[in-house]
There are 2 protein chains.
Amino acid sequence: MSASKREDLVRNALKSFNRGGFHALGMDRLAKETGVSKTAIYKHFRTKEDLILAVLRLRDEQFRNWMVRRVEALAQSPREQLLAVFDTLGEWFDEPEFRSCMFIKASSEYQDHSHPVHAAAAEHKRLLNQYLNRLAGAAGAEAPEMLARQLMLLMEGAIVLAHLHAPGTIAADARAAAAALMDQQGL
Amino acid sequence: MSASKREDLVRNALKSFNRGGFHALGMDRLAKETGVSKTAIYKHFRTKEDLILAVLRLRDEQFRNWMVRRVEALAQSPREQLLAVFDTLGEWFDEPEFRSCMFIKASSEYQDHSHPVHAAAAEHKRLLNQYLNRLAGAAGAEAPEMLARQLMLLMEGAIVLAHLHAPGTIAADARAAAAALMDQQGL
DNA sequence: TCGTGCATTGACAGAACGGTCAATGTTTTT
DNA sequence: AAAAACATTGACCGTTCTGTCAATGCACGA
């Protein structure tokens, strides 16, 4: 039962950290919100930072799995899938629990590049870039790395602006921009 | 002298908050770093939040002034100026003190849209959007609002990724993407 | 039935948090 | 020179922070 308890804790902590910030949410309130006493939490994780890292690992897996699945459900060809990425973003933005990207927030609160939390955030984005890179290559882009980096720009920008203002047409704007960039690469 | 003392305080606080986060940096350390005692700070600002709002007001003015000036120095025609925006971003990213955008970080730490700090961040981005909008209109874009929103996506994305990874080619990638989007609008 | 081991707990420690206040300079006015 | 006005300070308040620990409950094997 210990493993599943731990997973439950991380899953609940994910939700709590998503609402409050990392520094803003203390361990006492976290204990209350997860229903796990502080001492029990510290049995599983040596420090708050370790717990945050576990939360980010779960979130990385969760988010990338979800995105790949949704994209594959929405479109078949690599070209269409690249566009579908922005449709999935739109779905995400419209969720009532949407509160920006946990990794962008993490890198905002842990600015030092050598900090493990910052490194975890960077790694997550690197993996997303890799995914777009693969799609761009399969779609036959002339410069797949460049296209992937540019689509990453649109994606991160969309996340930030959807959180700052209301979601509105942001995902659609990003999708249209992505289409234009793909056009330019002969897709 | 009171007015200038206050301005000094805000200017120094701006630097300090830029290094540490908003929640992460306490008032005691802030007092030490600014050289102004805590009591003196609270003479000028009722709460920490008020000080943060003053810092953000200064940063908004500072940043937008700097960007407009640099852009006008780098290019004359509206079309060239739109591209020059991304050159100025590149200059910013390469500064050793670059630590992402203060407003993105603010909206990360103050997620509630009704929170004054979040609102200040949203307003800053709205003003930047307005600036791009004006340039896009002057350049003769077919859909200037749309183009401005898309360039905002590239800009915010570039800031986030330049902070997460190293600056690298990010500003150049964003500039190339902007050129493609402007092409599409007949510019 | 009695231990043995493990999970859980409330209370606590020491430091740091935002914010306040009486006391002490330091000007400025008369 | 005396006094009124202002600026600044270190010490302090109650709370909350991360992290700890002795005590308790509880399952399970002998």
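Because the structure is a prediction, the values reported are computed rather than measured.

Reading the values: rules and limits
Residues numbered from 1 in each chain as written. Chains lettered and ligands numbered in written order. Predicted model: local features only at pLDDT ≥ 70, side-chain atom pairs only at ≥ 80, totals over all residues. Heavy atoms only, no water. Near = heavy atom within 4 Å. Polar contact = N/O pair within 3.5 Å; in protein donor to acceptor, adjacent residues only side chain to side chain. Helix = DSSP H or I, 4+ residues; strand = E, 2+ residues; numbered from the N terminus. Nonpolar A, V, L, I, M, F, W, Y, C, P; charged D, E, K, R; others polar. Core = buried A, V, L, I, M, F, W, Y, C linked by side-chain atoms within 4.5 Å. Buried < 20%, exposed > 50% of the residue type's maximum accessible area, 1.4 Å probe, protein only. Contact = heavy atoms within 4.5 Å. Least-squares fit on C-alpha atoms with pLDDT ≥ 70 in both. Axes fitted to C-alpha atoms, helices over the stretch in contact; angles between N-to-C directions. Parallel < 35°, antiparallel > 145°, perpendicular 65-115°, else oblique. Phe/Tyr/Trp six-rings, centres within 6.5 Å; stacked < 30°, edge-to-face > 60°. Buried area = accessible area lost by both parts, 1.4 Å probe. Salt bridge = Lys/Arg side-chain N within 4 Å of Asp/Glu carboxyl O. Disulfide = S-S within 2.5 Å. Expected span 1.5 Å × (residues − 1).

## Details of the protein's contact with DNA strand C
Neighbouring residues of DNA strand C: 13 residues in total, closest Thr39 of chain A together with Met27, Lys38, Thr39 and Lys48 of chain B. Contact distances for DNA strand C include 3.0 Å between a phosphate oxygen and a side-chain N or O atom of Ser37 of chain A. Tyr42 of chain B has a polar side-chain atom sitting 2.8 Å from a phosphate oxygen of DNA strand C. Elements with a minimum of two residues in the surface near DNA strand C: α3 (38–44) of chain A together with α3 (38–44) of chain B.

## Details of the protein's contact with DNA strand D
By nearness alone, 14 residues border DNA strand D, and Met27, Lys38, Thr39 and Lys48 of chain A together with Thr39 of chain B come closest of all. Close to the protein, within 4 Å, the atoms of DNA strand D belong to sugar or phosphate groups at a rate of 43%. Taking Lys48 of chain A, its side chain carries an N or O atom lying 2.4 Å from a phosphate oxygen of DNA strand D. The contact in question runs from a phosphate oxygen of DNA strand D to an N or O atom on the side chain of Ser37 of chain B, over 3.0 Å. Listing elements by their share of the surface near DNA strand D, those giving two or more residues are α2 (27–34) and α3 of chain A together with α3 of chain B. Looking at the surface near DNA strand D, its residues break down into 4 nonpolar, 5 polar and 5 charged.

## A few points about the nonpolar core
Inside soluble globular proteins, nonpolar side chains tend to come together where they are buried. With 138 residues, the main nonpolar core has Phe17 and Phe93 of chain A together with Phe17 and Phe93 of chain B as its most contacted residues. With sequence-adjacent residues up to four places away left out, Phe17 of chain A is seen in contact with Phe22, Leu25, Leu30, Lys48, Leu51, Ile52, Val55 and Met102 of chain A.

## Focus: the relation of the copies chain B and chain A
When chain B is brought onto chain A, the operation consists of a screw motion whose angular component is 180 degrees and whose axial shift is 0.0 Å, with 0.0 Å RMSD remaining. Taken together, the turn and the small shift mark the pair as related by a two-fold rotation axis. For chain B, the smallest separation between a C-alpha atom and the rotation axis is recorded for Gly157 of chain B, amounting to 1.9 Å.

## Focus on the packing of helix α9 (residues 170–184) of chain A against helix α8 (residues 144–164) of chain B
Contact geometry for α9 of chain A and α8 of chain B: axes closest at 10 Å, N-to-C directions at 85 degrees. Classified by the angle their axes make, α9 of chain A and α8 of chain B are roughly perpendicular. Along the contact surface, α9 of chain A presents Ile170, Asp173, Ala174, Ala176 and Ala177 of chain A, while α8 of chain B presents Met146, Arg149, Gln150 and Leu153 of chain B. Split into classes, the residues belonging to the contact of α9 of chain A with α8 of chain B amount to 6 nonpolar, 1 polar and 2 charged.

## Regarding the packing of aromatic side chains
Under the criterion given, the structure shown has 14 aromatic pairs over all chains. For the pair Phe93 of chain B and Phe98 of chain B, a centre-to-centre distance of 5.0 Å together with 50 degrees between the ring planes defines the contact as tilted. Judged by relative accessible area, which is 3%, Phe93 of chain B ranks as buried. Here the aromatic residues Phe63, Trp66, Trp92, Phe93 and Phe98 of chain A are joined through ring pairs into a cluster of three or more.

## What about the interface of chain B and chain A?
Taken together, the contact between chain B and chain A spans 42 residues of the former and 42 residues of the latter. At the boundary of chain B with chain A, total buried surface from both sides reaches about 3,400 Å², with 67% on carbon and sulfur atoms. Together, Gln111, Leu153 and Leu164 of chain B form the three largest contributors to the area buried by chain B at its contact with chain A, with a combined 21%. The interface formed by chain B and chain A contains 2 salt bridges. In this structure, Asp173 of chain A and Arg149 of chain B form a salt bridge, with 2.4 Å as the shortest nitrogen-oxygen distance. At the boundary of chain B with chain A, the tally comes to 17 residue pairs in polar contact (both at pLDDT 80 or more). Contributions of two or more residues to the side of chain B that touches chain A are made by α1 (2–19), α6 (102–109), α7 (116–139), α8 and α9 (170–184) of chain B.

## Section: the environment of Ala179 of chain A
Its location among the elements puts Ala179 of chain A in helix α9. With 100 residues separating them along the chain, Ala179 of chain A and Arg79 of chain A place their C-alpha atoms 9.4 Å apart.

## A few points about unusual backbone geometry
Residues and elements named next belong to chain A. You will see that Ser100, though not glycine, has its phi angle at about 65 degrees, which is positive. Along the polypeptide, Ser100 turns up in the loop between α5 (78–94) and α6 (102–109). Residue classification places Ser100 among the buried residues on the basis of a relative accessible area of 4%.

## Some remarks on the state of the cysteines
Tallied over the entire structure, the rule returns 0 disulfides over all chains. Cysteine Cys101 of chain A remains unbridged, with the sulfur of Cys101 of chain B as its closest cysteine sulfur at 16 Å. In this structure Cys101 of chain B comes out as buried when scored by relative accessible area, which is 4%.

## Focus on helix α8 (residues 144–164) of chain A
Compared with an ideal rise of 1.5 Å per residue, which puts 21 residues at 30 Å, α8 of chain A spans 30 Å between its outermost C-alpha atoms and is within 8% of the ideal. A large share of α8 of chain A lies buried, amounting to 18 of its 21 residues.

## Re the pattern of salt bridges
Residue and element names in this part refer to chain A. Following the criterion strictly, the structure yields 22 salt bridges over all chains and no others. Where Glu91 meets Arg70, a salt bridge forms, and the shortest distance between an N and an O atom there is 2.8 Å. Remark: Arg70 occurs in helix α4 (residues 48–74) and Glu91 occurs in helix α5; sequence separation between them is 21 residues. On the accessibility criterion, Glu91 (29% relative accessible area) is partly exposed.

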